[in-house]
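One letter stands for each residue in the lines below.
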Amino acid sequence: MDYKWKCVKLDRNESRKFFNFVNSSLSHPLREEKTIVFDSKGTKNRLSSSVSSKSSTLDLFDGFDDPLSQFAREELDPLSQMAAENDLNNKVSKKKNAEIDTTLSVQSWNSRKAIILNKYTTSEKLSIATSFLGIENVVRSQTTVEKVKHRLEQIDDFQDIHYMQNLTQQEYIGKINQLNAELIEAWKTDQRVKSLKIAIQCSKLLSDATSVMQFYPSKFVLVTDILDIFGKLVYERLKSKSENEKSLPDKFTPEQIPESAKETCLNWFYKISSIRELLPRLYVEMCLVRCYNFINPKEIDASLLRISRMIRGIGDPLVGAYARCYLVRIGVMTSKSNEYLKECFADFLNVYHTIFNTGIRAEILKQNIELSVYFSLYAPALDFIVQNYAASATDVQLEEFLTQCKDKKNSSLLLLTILHSFRPEFISSRSIEMVSILADTNNEGITKGSLFRQLGNIVSLFPPPVEQRVLLFNEAWKTISTITNVGDYMSCVELWSQYIASNFDIVTLNTFFGDILSRIVQKRAFERYYNELQGLMDKVVSNVTDFHGLLSMDNFLPMLDLFQKESIKFEVCKNILEKYKLFCSNDENNFSLVINDPVTINAFMCVSKALNDGVNALTSDDERRHIGNLISFFILRVNFGRDFEQQLTFYVDARGSFANLDIVLHALVNCVNKLSIDTRRIVKGNHTRKTSAFVKACAAYCFITIPSIISITQRLDLYLESGKIALANLCLGQSDASFEAAINLLSELPKFFEIEGRQRSSETYLQSYILKFLSLLILVPDSPEKGVLYLLRLLIDKLNEIEFDSTQHLTTKSIIEMNILDMLCYCAQDTYPYHLQNVISNDQLYGADVKFINEINEISTGLLSDLLQELQRMSERPKQQCQLALDLFERVAMKSDLCDDKMFTLAVNLWNLSIKNRHQLMDGKIHHKIFRHMKAVRGTLRNRNYCQRFDELLNRIEKKL
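About the cut-offs
- Residues numbered from 1 in each chain as written.
- Predicted model: local features only at pLDDT ≥ 70, side-chain atom pairs only at ≥ 80, totals over all residues.
- Heavy atoms only, no water.
- Helix = DSSP H or I, 4+ residues; strand = E, 2+ residues; numbered from the N terminus.
- Contact = heavy atoms within 4.5 Å.
- Areas by Shrake-Rupley, 256 points an atom, 1.4 Å probe, with all protein chains shown as cover.
- Axes fitted to C-alpha atoms, helices over the stretch in contact; angles between N-to-C directions.
- Parallel < 35°, antiparallel > 145°, perpendicular 65-115°, else oblique.
- Left-handed = near helix turned anticlockwise from the far one by under 90°.
- Nonpolar A, V, L, I, M, F, W, Y, C, P; charged D, E, K, R; others polar.
- pLDDT = per-residue confidence, 0-100.
- Core = buried A, V, L, I, M, F, W, Y, C linked by side-chain atoms within 4.5 Å.
- Buried < 20%, exposed > 50% of the residue type's maximum accessible area, 1.4 Å probe, protein only.
- Pairing = 2+ DSSP bridges.
- Expected span 1.5 Å × (residues − 1).
- Arc of directions from axis to C-beta.
- Polar contact = N/O pair within 3.5 Å; in protein donor to acceptor, adjacent residues only side chain to side chain.
- Lys, Arg positive; Asp, Glu negative; His and termini not counted.
- Salt bridge = Lys/Arg side-chain N within 4 Å of Asp/Glu carboxyl O.
- Phe/Tyr/Trp six-rings, centres within 6.5 Å; stacked < 30°, edge-to-face > 60°.
- Lys NZ or Arg CZ within 6 Å of the ring centre and 35° of its normal.
- 1 Å grid on protein atoms, 1.4 Å probe; cavity = no way out; pocket = protein on both sides within 12 Å on 5 of 7 lines; lining within 4 Å.
- Points joined across faces, edges and corners; volume = space filled by probe spheres on them.
- Disulfide = S-S within 2.5 Å.

Visitor: Before we move on, could you go through the overall build of the chain and cite the residues and values that matter?
Guide: In terms of regular secondary structure, the chain is built from 46 helices and six strands. Excluding contacts between residues fewer than 6 apart, the proportion of contacts in the chain whose partners are at least 24 apart in sequence is 75%. Entry remark: accessible area of the chain is about 45,800 Å², with carbon and sulfur atoms responsible for 49%.

As structure tokens, then:
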């Protein structure tokens, strides 16, 4: 049976009476907020806080495109963006706090060990002397008396010593670890003397500081780890012997210790005292100092002082320094007194001059190492000693300490230790005095660049009082500028850059950059100092107070040009934009900053171009997205106020520079659309010849740019958005072109999207997109060159080319076709439900002309035929068939002419078909709800013949309920 659809006239105003209306708030909670900013002329500008310009069209089409749909297309909604920025701020704050905490407190030895092992390495061959590696020891049973006698005889019995030479560093470490394992295994098998002998032999390794000097700090770490284990084993053994029936408390007294345990403890110290060589005896006793708690805790302080005086007998100053370091390590864990600390460093000062004697200089020359390298070997030991002393010392004591050190000849090593170890506040408050001391010191072995570098690090983190900052920099720069070695100079200015960026204006910073450039461009010296330059740029952009002024400096771009390795320049430029985004996000005043200075914009463009050029086929999607967001953040900050033509010119230049990044192109299209809407708002919808030409140029920009974007969904969304804004600006040709391009692109939409690693059907997106498109097509007037409803006919043709999934509850195509029927019903009305200002839609263009209505009915008839065919194909799927029949019934009954007998019969048949399988519907009362709604609509009808047919239909369907 052939059905011919005829649309009926709807009384929209009357039908509205049957709905309850609620006034919504003008400020929607999901609406994107605007930031009001002022340019240099004091003109108000509106600056969006996200890449999208959807907020502009929300004002224009309020209620037409819901906020949820807007934000669904955003990559990052405002709440997520706020959370991400807060998380980033918290991480930065925690990082700064951690740096301060580390500076104020004493760094533990455990945290230093890995640094020492990584820093002090060697490629020289090493040797080791031991009697325990590679030898199988036979243990025979002995009586108690024989066992004691045998142990006493064995303590100094090292007859079978094996010398292992030409060992690499890794082999040497392996042998040390093997000794450690042997010690533990001997202890487990009750071979206490063997364990002690291994500890003694390990201690002897520390007596050799001359064979391979640069490895000595690492050797010290490896050996003292073994001694720590040995001391812990002895302590736990004594503690277990003291715990007969109940465990000892953490802070026990000698009165709680049985006599047998005390005797065992004394026996251990007697054994140690019988060791003939000084250094092993000192180290082994130091690792057992804690055991004095079992005898008399007061002996701990006395033994620490005694051992510190015995260390004076060690001739080599490097060996003595590390012996004192181990004593301090043990002392801070076992004693609250700091007398031994004072004595340790005082003793070192007394032998300090021996570091420079001819014997040591000859050994340094023999091993072909520089004096500065030799001095660096002392750093771990001296820093640990002085840091522990300074932690509890008063300012007066530290002043005395400083005076003693600066009066020494060749005091650079001592001063560097003070800079590393004293409290930063103490140094900062006396920074001008420190500059004078460092400038006058003899720099043999340690350069003034190294000393001033550390001072710069301190004053950067802990600046002196405000009134001293300028004087401090001026005095320090007098010495820094005289440093002739480029490496020392660069390492020094790298750390002073943070102090300058934080405390001085752009003029001073520009001069600072100029001095660096004058030094480093000679003979292309900058190629050797990329790390220092990269660190310098990071410190400047992280601490500068005027970011825009920084980029407008004369010497900024020349400094950036020094990075001629693409990979390094890429990282530097990315860091600049990341720090700029953080700079704007940390302060509300900074967040509203706009860029309108051409010099600053040019500098930002150079930075952004370097990032764009660094993107290639190997760049990951996440990295590409991150870079795109950084560049987009800069683009959104550019605002020339009312100079819209200059703004558009900037967007044209940006499009040519960032063609590799979809996110940037997406942002540019949205920015140009916003520019077009701002123009419309200013002229209040009544364009002049000049503004009309400008908005057409904006529409052309968008139409040209969108095809360059790879993502099909982004292109579809932007075509729809750009067409909508072109239509609002009366650019009818441009809007038709955008809509036609969007329709032609639908056939290229893939069937599936990959979301979070899973394949998702694209039909959900397609359905939502076309429904929004239909609501816009109502407003689009027909082109006289294309014919009646050309865009809608083209859309229907494209839908017929797409293969839809037929296994769904309702096919996407049938849902779309029913919505097209709804749209056509409104197109047939005398007045459309909504309009755009100054846009003449088809209701005014045709005036309900009979030919136009016939075209609508013809299209509707074709859609109805397709839906009925789909209904027949669903005969084996009763649930889907029931739902489609019910949905189609609503449209036939409410929007077609029931005076046509065939249409009336169709409505009845559709109702009966839906009733037949209504038990399969999710909502079992849906038929009753539809019936009540139709009775309510009956009161709005005015045509007598139509009312009679409608009443008849109501009677027929009521009988089937």
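Visitor: Describe the packing of helix 42 (residues 850-873) against helix 44 (residues 901-916), with residues and values.
Guide: Contact geometry for helix 42 and helix 44: axes closest at 14 Å, N-to-C directions at 30°. With respect to helix 44, the axis of helix 42 lies roughly parallel. Seen along the crossing, helix 42 lies across helix 44 with a hand that is left-handed. Contacts between helix 42 and helix 44 involve Leu864, Leu868 and Leu871 from the former and Met903, Leu906, Leu910 and Leu913 from the latter. Tallied by class, residues from the contact of helix 42 with helix 44 come to seven nonpolar, no polar and no charged.

Visitor: Explain the confidence of the model for the chain to me, and be specific about the residues and the numbers.
Guide: The predicted model of the chain has a mean per-residue pLDDT of 84, with 85% of residues at 70 or higher. Taken together, the stretch residues 24-86 has pLDDT below 50 and engages in 108 contacts with residues farther than four places along the chain or on a different chain. Below a pLDDT of 50 lies the segment residues 88-104, which in the model reaches ten contacts outside its immediate sequence neighbourhood of four places, other chains included.

Visitor: Requested: an account of the nonpolar core, with residues and values cited.
Guide: Counting residues in hydrophobic clusters, the biggest one holds 300 residues, and the most contacted among them are Phe230, Tyr374, Trp496, Phe556 and Ile635. The biggest single contributor to this core is helix 9 (residues 216-242), with eleven residues. Look past the residues within four positions of Trp496 in its chain and what remains in contact with it is Phe452, Arg453, Leu455, Gly456, Val459, Leu472, Phe473, Ala476 and Ile480.

Visitor: Go over the pairing of strand 5 (residues 752-755), please, and point to the residues and values.
Guide: In terms of strand pairing, strand 5 meets strand 6 (residues 758-761) through four bridges, oriented antiparallel. Considered in strand 6, the bridge of Phe753 is made with Arg760. Between the end of strand 5 and the start of strand 6, which pair antiparallel, lie two residues, with Glu756 showing a positive phi angle near 55°.

Visitor: Give a detailed account of helix 35 (residues 689-705), specifying residues and quantitative values.
Guide: Between the first and last C-alpha of helix 35 there are 24 Å, a value that for 17 residues agrees with the 24 Å anticipated at 1.5 Å per step. Listed as buried for helix 35 are Thr691, Phe694, Val695, Cys698, Ala699, Tyr701, Cys702 and Thr705. Each buried residue of helix 35 lies within a common arc of 155° when the element is viewed along its axis, so the set occupies one face. Opposite the buried face of helix 35, at more than 90 degrees from it, the exposed residues are Arg689 and Ile704. Buried positions along helix 35 lie against helix 33 (644-657), helix 34 (662-683), helix 36 (712-728) and helix 37 (732-745).

Visitor: Provide a residue-level description of the side chain of Asn639, including the pertinent values.
Guide: If you trace the backbone, Asn639 turns up in the loop between helix 32 (621-637) and helix 33. Residue class for Asn639 comes out buried when judged on its relative accessible area of 8%. At a separation of 2.8 Å, a polar atom in the side chain of Asn639 contacts the main-chain amide nitrogen of Gly641.

Visitor: Let's hear about the side chain of Arg112: which residues, and what values?
Guide: Looking at where Arg112 falls in the secondary structure, it is placed in helix 5 (residues 109-119). Within the buried set, Arg112 has no salt-bridge partner at all; the shortest N-O distance to an opposite charge, 5.3 Å, is to Asp383. Not counting the four nearest positions on each side in its chain, Arg112 is found in contact with Val106, Gln107, Pro380, Asp383, Phe384 and Gln387.

Visitor: Before we move on, can you summarise the packing of aromatic side chains with the specific residues and values?
Guide: Scanning the entire structure with this criterion turns up 48 aromatic pairs. Between the aromatic rings of Tyr530 and Phe563, the centroid separation amounts to 6.2 Å while the plane-to-plane angle is 25°, which identifies the pairing as stacked. In this pair, Tyr530 sits in helix 26 (residues 530-543) while Phe563 sits in the loop between helix 28 (556-560) and helix 29 (566-586), placing the two residues 33 residues apart along the sequence. Neither residue differs from the other here; Tyr530 and Phe563 are each classed as buried. Three or more aromatic residues link up through ring pairs in this structure, and these residues are Phe345, Phe348, Tyr352, Phe356, Tyr374, Phe375, Tyr378, Tyr389, Phe401, Phe422 and Phe426. The residue whose ring lies beneath Arg192 is Trp187, and the NZ or CZ to ring-centre distance is 4.4 Å. Over the ring of Trp268 we find Lys271; its NZ or CZ atom is 4.5 Å from the centre of that ring.

Visitor: So, helix 34: which residues are in play, and what are the values?
Guide: An α-helical turn contains 3.6 residues, so a residue and the one three or four places further along point in the same direction. With 22 residues, helix 34 ought to run about 32 Å at 1.5 Å a step, and its terminal C-alpha atoms sit 32 Å apart, in line with that. When you tally the buried positions in helix 34, you get 20 out of 22 residues, the bulk of the element. Count one or two residues on from helix 34 and you reach Lys684, which has phi positive near 60°.

Visitor: Tell me about empty space enclosed by the protein, and name the residues and values.
Guide: Here the structure, examined in full by the defined rule, presents seven cavities of 30 Å³ or more. Roughly 120 Å³ of internal volume is contained in the largest cavity. Taken together, 14 residues line the largest cavity, and the ones lying closest to its centre are Val780, Pro781, Asp782, Tyr790 and Leu791. At three residues, helix 39 (residues 790-801) tops the list of elements feeding residues into the lining of the largest cavity. In the lining of the largest cavity, the residues fall into eight nonpolar, three polar and three charged. Volume-wise, the second largest cavity comes out at about 50 Å³. If you trace the second largest cavity, you find it lined by Asn673, Ser676, Val695, Cys698, Ala699, Cys702, Ser722, Ile725, Ala726 and Asn729. Where the lining of the second largest cavity is concerned, the elements lending two or more residues are helix 34, helix 35 and helix 36. Counting residues per element, the lining of the second largest cavity draws most heavily on helix 35, which supplies four residues. Looking at the lining of the second largest cavity residue by residue, the class counts come to six nonpolar, four polar and no charged.

Visitor: Quick rundown of the packing of helix 11 (residues 278-287) against helix 13 (residues 317-334)? Include the residues and the values.
Guide: Interaxial distance between helix 11 and helix 13 falls to 9 Å at its minimum, and their mutual angle equals 15°. Classed by the angle they form, the pair helix 11 and helix 13 counts as roughly parallel. Every pair of crossing elements has a handedness; the one defined by helix 11 and helix 13 is left-handed. In this structure, helix 11 uses Leu279, Tyr283, Met286 and Cys287 to contact helix 13, whose residues at the interface are Val319, Tyr322, Ala323, Tyr326, Leu327 and Ile330. By residue class, the composition of the contact of helix 11 with helix 13 is ten nonpolar, no polar and no charged.

Visitor: I'd like to hear about the environment of Ala393, residue by residue, with values.
Guide: Along the chain, Ala393 falls in the loop between helix 17 (379-392) and helix 18 (395-406). On the basis of relative accessibility, which here comes to 7%, the residue Ala393 falls in the buried class. Spatially, the C-alpha atoms of Ala393 and Arg423 are 9.8 Å apart, while their sequence positions differ by 30 residues.

Visitor: Requested: an account of the pattern of salt bridges, with residues and values cited.
Guide: A full pass over the atoms with the stated rule returns 36 salt bridges. A salt bridge links Arg306 to Glu285; the shortest N-O distance between them is 2.4 Å. Pair noted here: Arg306 is in helix 12 (residues 298-310) and Glu285 is in helix 11, with a separation of 21 residues, a long-range link. A relative accessible area of 33% places Arg306 in the partly exposed class.

Visitor: Before we move on, can you summarise unusual backbone geometry with the specific residues and values?
Guide: In the Ramachandran plot, Leu730 falls in the positive-phi region, its phi being about 65° despite a non-glycine side chain. Within the element layout of this structure, Leu730 appears in the loop between helix 36 and helix 37. Accessibility expressed as a relative area gives 36% for Leu730, which makes it partly exposed.

Visitor: Please provide a residue-by-residue account of the state of the cysteines, values included.
Guide: Here the structure, examined in full by the defined rule, presents zero disulfides. In this structure Cys265 is not part of a disulfide, and its nearest cysteine sulfur, from Cys291, lies 5.4 Å away. Judged by relative accessible area, Cys265 falls into the buried class, the value being 0%. The thiol of Cys702 is unpaired, and the distance to the nearest cysteine sulfur, on Cys698, comes to 7.0 Å.

Visitor: Lay out the environment of Asp843 in plain terms, naming residues and giving numbers.
Guide: In this structure, Asp843 sits in helix 41 (residues 842-846). With a relative accessible area of 7%, Asp843 lands in the buried category. Along the backbone, Asp843 and Pro781 are 62 residues apart, and their C-alpha atoms lie at a distance of 8.7 Å. A polar contact is formed between the side chain of Asp843 and the side chain of His835, at a distance of 2.7 Å.

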